[in-house]
Amino acid sequence: MPDRPPMEHYVAPIKETTVVIDAVRVDDKPSNLWSDAWSDLRRRPLFWLSLLLVFVLLVMAFFPTLFTQTPPNNDCQLANSNGGPAPGHPLGYTFQGCDVWARIVWGARTSLAVGLLSTIIGSSIGLVMGAFAGFYGGWLDSLLSRIGDIFFSIPYILAAVVVMSVFSQYRNVFTLALAIGGFAWASTARVVRAEVLRVRQADYVMASRALGQSRFQTLLSHVVPNAVAPLLVIATLSLAAAIVAEATLTFLGVGLGSDVMSWGNDISQAQSSLRVAPMALIYPSIALTLTVLAFIILGELIRDALDPRARARR
């Protein structure tokens, strides 16, 4: 066979070769889910707008005298019945001659109290049920899941109507919050269970078990802290739903008593004079709408910020 001609090898000169080395600064803070979510949220004007509105509502609920000096009930005069705006009374008067603005300011405390208590009760029950069902599995998962399915199939508004009708002599903020939150936890439990099922397969959970921690200690120290992100979103949206539920039940006459000041009571009492004085009903309805809208927007933004896929699509 004839010898093959030698093959030429083309090698770039070392001096002309550019070598790029990835450099990592060790002093940079490591990125995590919460820092990435905060970086996304703080660049969105709608987040700051909804957060400002929620802050104003909380200040109004805890410190109502900063917004009005007029007593909501003690300064009612029938001579001012359904009266229009007047100096010191920018929104006019109710049918009983009470200041509309003062009742809106003082009613924020009741509506937010019911919403917060209902959310705390529902989120606590849902967190416990979902965490135990997802982490331990087996017969406990089947039992807790079936209990959750039963509660999920019951409309919590209807259940609250029944509970408040039975306990009509105890129509207060705590009873109403217990009636709402005690039947609205099933959806929270489902989400928490799904998140715990995902987290319990992580390496740090297996490492914790290998180091000798009990299953309950691992659940509390590693699984639950890394599975609460969706719970924050659900709690924000549930708070808005609970405020609406309180107003609905009070409007139907099975919520808070007529002596308790709330936006639902103001809307219910103003419906009798809707044709002659519609603003007495519209103003508390606007306050209710803005409050619910602020919490819903805040929850939606937090949900998108905690979802890496949603951030990647933007």
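Conventions used here
Residues numbered from 1 in each chain as written. Predicted model: local features only at pLDDT ≥ 70, side-chain atom pairs only at ≥ 80, totals over all residues. Heavy atoms only, no water. Helix = DSSP H or I, 4+ residues; strand = E, 2+ residues; numbered from the N terminus. Buried < 20%, exposed > 50% of the residue type's maximum accessible area, 1.4 Å probe, protein only. Contact = heavy atoms within 4.5 Å. Areas by Shrake-Rupley, 256 points an atom, 1.4 Å probe, with all protein chains shown as cover. Axes fitted to C-alpha atoms, helices over the stretch in contact; angles between N-to-C directions. Parallel < 35°, antiparallel > 145°, perpendicular 65-115°, else oblique. Left-handed = near helix turned anticlockwise from the far one by under 90°. Nonpolar A, V, L, I, M, F, W, Y, C, P; charged D, E, K, R; others polar. Core = buried A, V, L, I, M, F, W, Y, C linked by side-chain atoms within 4.5 Å. Phe/Tyr/Trp six-rings, centres within 6.5 Å; stacked < 30°, edge-to-face > 60°. Lys NZ or Arg CZ within 6 Å of the ring centre and 35° of its normal. 1 Å grid on protein atoms, 1.4 Å probe; cavity = no way out; pocket = protein on both sides within 12 Å on 5 of 7 lines; lining within 4 Å. Points joined across faces, edges and corners; volume = space filled by probe spheres on them. pLDDT = per-residue confidence, 0-100.

**Digging into the overall build of the protein chain**
Assigned secondary structure in the protein chain consists of 13 helices and zero strands. Secondary structure elements in the protein chain, listed N-terminal to C-terminal, are α-α-α-α-α-α-α-α-α-α-α-α-α. Within the protein chain, the fraction of its 314 residues that count as buried is 39%. Restricting the contact set of the protein chain to residue pairs at least 6 apart, pairs at least 24 apart contribute 69%. Surface accessibility of the protein chain: about 18500 Å² in total, with carbon and sulfur atoms responsible for 66%.

**Considerations on the environment of V224**
Topologically, V224 is positioned in the loop between α9 (215-223) and α10 (229-251). Expressed as a C-alpha distance, the spacing of V224 and E195, which sit 29 residues apart in the sequence, is 9.2 Å. In contact with V224, not counting residues within four places along its chain, are L127, A131 and L219.

**Remarks on the packing of helix α2 (residues 45-62) against helix α12 (residues 279-305)**
As a packed pair, α2 and α12 sit with axes 9 Å apart at the nearest point and diverge in direction by 135°. Relative to α12, α2 is oriented oblique. Considering how the two elements wind past one another, α2 and α12 form a crossing that is left-handed. Residues L46, F47, S50, L51, L53, V54 and L57 of α2 form the contact with α12, whose participating residues are L290, T291, A294, F295, I297, L298 and L301. Looking at side-chain class alone, the contact of α2 with α12 contains 12 nonpolar, two polar and no charged residues.

**Digging into the nonpolar core**
Of all hydrophobic cores here, the largest spans 34 residues; its most connected members are I243, W263, L288 and F295. By residue number, the principal contributor to this core is α12, which donates 11 residues. Filtering out sequence-adjacent residues up to four positions away, F295 remains in contact with V54, L112, T236, L237, L239, A240 and I243.

**Observations concerning the packing of aromatic side chains**
The full count for this structure, using the stated rule, is six aromatic pairs. With a centroid separation of 6.4 Å and an interplanar angle of 35°, the aromatic rings of F132 and F216 are classed as tilted. Residue F132 is located in helix α3 (residues 100-136), and its partner F216 is located in helix α9; the two are separated by 84 residues in the primary sequence. Ring geometry for F151 versus F183: centroids 5.7 Å apart, planes at 40°, classification tilted. One end of the pair, F151, is in helix α4 (residues 138-152); the other, F183, is in the loop between α6 (173-181) and α7 (186-199), with 32 residues separating them in the sequence. Residue classification places F151 among the partly exposed residues on the basis of a relative accessible area of 24%. Each member of the aromatic cluster is reached from another via a ring pair, and the members are F132, F135, Y136 and F216. Over the ring of F152 we find R190; its NZ or CZ atom is 4.2 Å from the centre of that ring.

**Topic: the layout of surface pockets**
For the second largest pocket, the calculated volume is near 280 Å³. Forming the boundary of the second largest pocket are 20 residues, of which Y156, A184, W185, S187 and S238 lie nearest the centre. If you list the elements that add at least two residues to the lining of the second largest pocket, you get α3, α4, α6, α7 and α10. Looking at the lining of the second largest pocket residue by residue, the class counts come to 12 nonpolar, eight polar and no charged.

**Considerations on empty space enclosed by the protein**
Evaluation of the coordinates by the stated rule reveals two cavities of 30 Å³ or more. There is about 100 Å³ of room inside the largest cavity. For the largest cavity, the full set of lining residues is T94, F95, Q96, V100, R103, I104, D266, Q269, A270, S273, A280 and P284. Listed by contribution, the elements that provide at least two residues to the lining of the largest cavity are α3, α11 (263-270) and α12. Tallied by class, the residues present in the lining of the largest cavity amount to six nonpolar, four polar and two charged. In this structure, the second largest cavity encloses a volume near 30 Å³. Considering the residues around the second largest cavity, the lining is formed by T70, P71, D75, C76, H89, Y93, G97, C98 and D99. Per-class residue counts for the lining of the second largest cavity are four nonpolar, three polar and two charged.

**Some words on the confidence of the model for the protein chain**
Residues at a pLDDT of 70 or more form 86% of the protein chain, whose mean pLDDT is 82. Looking across the protein chain, the model is least confident in helix α13 (residues 308-313), with a mean pLDDT of 56, and most confident in α2, with 91.

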